[in-house]
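Inside the fold
Listed here are the chains, written in short residue letters.
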Amino acid sequence: MNDIFETIKTIAFEIDHVIKAEDVGYSDSENSSGEDQLKLDVQSDLIIEKAFADVASVKALVSEEKEGVLELSPTGKYTVCYDPLDGSSLVDVNLSVGSIFGIYEGELEGKNLVASAYTVYGPRVELIIATRKGKPKVSRVIDGKFQEVFELTMNEKGIFNASGGTQQNWCDYHKTFIDDLFEEGYHLRYSGGMVPDLHQIMVKGGGIFSYPGTSDKPNGKLRQLFEVIPFALMYEQAGGQAINNKGMRLLELVPSHPHDTSPCFFGSNYEITALREAYGIKV
Ligand code: P6P
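Let us look at the structure shown here. (Residues numbered from 1 in each chain as written. Predicted model: local features only at pLDDT ≥ 70, side-chain atom pairs only at ≥ 80, totals over all residues. Heavy atoms only, no water.)

Generally speaking, a soluble globular protein has its nonpolar side chains buried in company with each other. The biggest cluster of nonpolar side chains holds 38 residues, and the ones touching the most others in it are Tyr118, Met202, Phe209, Phe231, Tyr235, Leu250 and Phe266. Those elements giving two or more residues to this core turn out to be strand S6 (97–104), strand S7 (113–121), strand S8 (125–131), strand S11 (160–163), helix H4 (194–203), strand S13 (207–211), helix H5 (224–237) and strand S15 (264–267). Counting residues per element, this core draws most heavily on H5, which supplies nine residues. Domain assignment of the residues forming this core places at least three in each of domain 1 (2–151) and domain 2 (160–279). Ignoring anything within four residues of it in the chain, the contact list for Met202 reads Tyr118, Leu152, Thr153, Met154, Phe231, Met234, Tyr235 and Ala238. (Core = buried A, V, L, I, M, F, W, Y, C linked by side-chain atoms within 4.5 Å. Buried < 20%, exposed > 50% of the residue type's maximum accessible area, 1.4 Å probe, protein only. Helix = DSSP H or I, 4+ residues; strand = E, 2+ residues; numbered from the N terminus. Domains from an automatic or database assignment. Contact = heavy atoms within 4.5 Å.)

A few words on the packing of aromatic side chains. Enumeration according to the criterion identifies nine aromatic pairs in this entry. Counting every residue linked through ring pairs, the aromatic cluster contains Tyr190, Phe209, Tyr235 and Phe266. Looking at Lys157, its charged tip hangs above the ring of Tyr270, at a distance of 4.8 Å from the centre. (Phe/Tyr/Trp six-rings, centres within 6.5 Å; stacked < 30°, edge-to-face > 60°. Lys NZ or Arg CZ within 6 Å of the ring centre and 35° of its normal.)

The next point concerns the sheet that holds strand S12 (residues 187–188). One open sheet accounts for five strands, arranged S12-S11-S13-S15-S14; its pairing is mixed. Looking along the sheet, the strands with just one partner apiece sit at the ends: S12 and strand S14 (241–243). Bridge analysis of S14 against S15 gives three bridges, and the strand direction is antiparallel. Pairing of Ala242 across the sheet is with Phe266, part of S15. Each of S14 and S15 touches H5; the most contacted strand, S15, lies at about 25° to it. Sheet strands touched by helix H6 (residues 269–278): S13, S14 and S15. Its angle to S14, the strand with the most contacts, is close to 25°. (Pairing = 2+ DSSP bridges. Axes fitted to C-alpha atoms, helices over the stretch in contact; angles between N-to-C directions.)

Once that is clear, we can look at the site of the ligand. All residues in the neighbourhood of the ligand are listed as Asp86, Gly87, Gly165, Tyr190, Gly192, Gly193, Met194, Phe209, Tyr211, Lys221, Leu222 and Arg223. Between the ligand and the protein, one listed contact pairs an oxygen atom with a side-chain N or O atom of Tyr211 at 2.6 Å. Considered on its own, the ligand offers 400 Å² of accessible surface; in the complex 79% of this is hidden by protein. Its residues placed into classes, the shell around the ligand shows five nonpolar, four polar and three charged. (Near = heavy atom within 4 Å. Polar contact = N/O pair within 3.5 Å; in protein donor to acceptor, adjacent residues only side chain to side chain. Areas by Shrake-Rupley, 256 points an atom, 1.4 Å probe, with all protein chains shown as cover. Nonpolar A, V, L, I, M, F, W, Y, C, P; charged D, E, K, R; others polar.)

Turning our attention to the pattern of salt bridges. Once the charged atoms of two side chains with opposite charge are near each other, the side chains can pair. Tallying each qualifying case throughout the model produces 14 salt bridges. Across the pair Arg249 and Glu252 runs a salt bridge, and its minimum N-O distance is 3.0 Å. Here Arg249 falls in the partly exposed class, since its relative accessible area comes to 33%. Glu252 sits in the partly exposed class, given a relative accessible area of 40%. Salt bridges here are not isolated pairs; linked through shared partners, they connect Asp45, Glu49 and Lys66. (Salt bridge = Lys/Arg side-chain N within 4 Å of Asp/Glu carboxyl O.)

With that out of the way, let us pick up the pairing of strand S3 (residues 58–63). Burial analysis of S3 places five of its six residues in the buried class, the great majority of the element. Sheet topology note: the S3/strand S5 (residues 78–86) ladder contains five bridges and is parallel. Its bridge partner being in S5, Ser63 is matched across the sheet by Tyr82. Direction of pairing for S3 relative to strand S4 (residues 69–71): antiparallel, over a ladder of three bridges. Paired with Ala60 across the two strands is Glu71, which belongs to S4.

Don't take any of this as a statement about function, it's just geometry.
See the structure below:
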């Protein structure tokens, strides 16, 4: 898989460049989830597609920005599912954004995720990689190349509460759960970008990120294959938990369509236990 991780490093440099150098206007197209595509979304997707085209171990690609599966090397072992530029609408307000990669071997479902990675394009460019062994590793661009700087470990209990979704569309017990955390003194940390919002909680030791099912989006908003499942591996390997609204591990999800979404909760053990109680989920 090292060839995939090295390719992601190359991708990171190229996408960071286009973010800083190119137009952030809207293209005249929509992605498979019906969201308007920024020119940056399309450019980032193209960068990733071209980069993996020559990687022998990559059998196919699934992109948030495209409908189907793009077949690459017939002898390849892995399918890479990715969100090329998550939270791209934040670029024009100069907030951090990122790319998310899920590396699957076999059918596209949680149990077949063998590794995940995400890049953060912010004041610094960073790459975080998780496999099924050990803690997620953070590498940072220093003097023009990625250097490993630390591993991610979550405390039993954190201080951050990143509460996603439109509040007026939350169910009552979710609203009570979120309000109770603030009553306990949690700090709201929510930029609207999944990558920096989830990264911050892991780097700063813990807390919870929630994007529940809502009255307008009963199955949540975040996509299973290239957002939810890759971050679920990160959180579990960092010592936290990642579940859906029924208490199911997100790493056990089996999407029926590449763009299926899921309600998702990522957090330290204390906060996830509190969520289970609020949702009446038996352990
Ligand atoms: P909301 C960005 O559009 C995104 O897909 C994720 O990066 C982010 O976590 C979520 O949507 C934010 O959604 O509904 O809170 O604006």
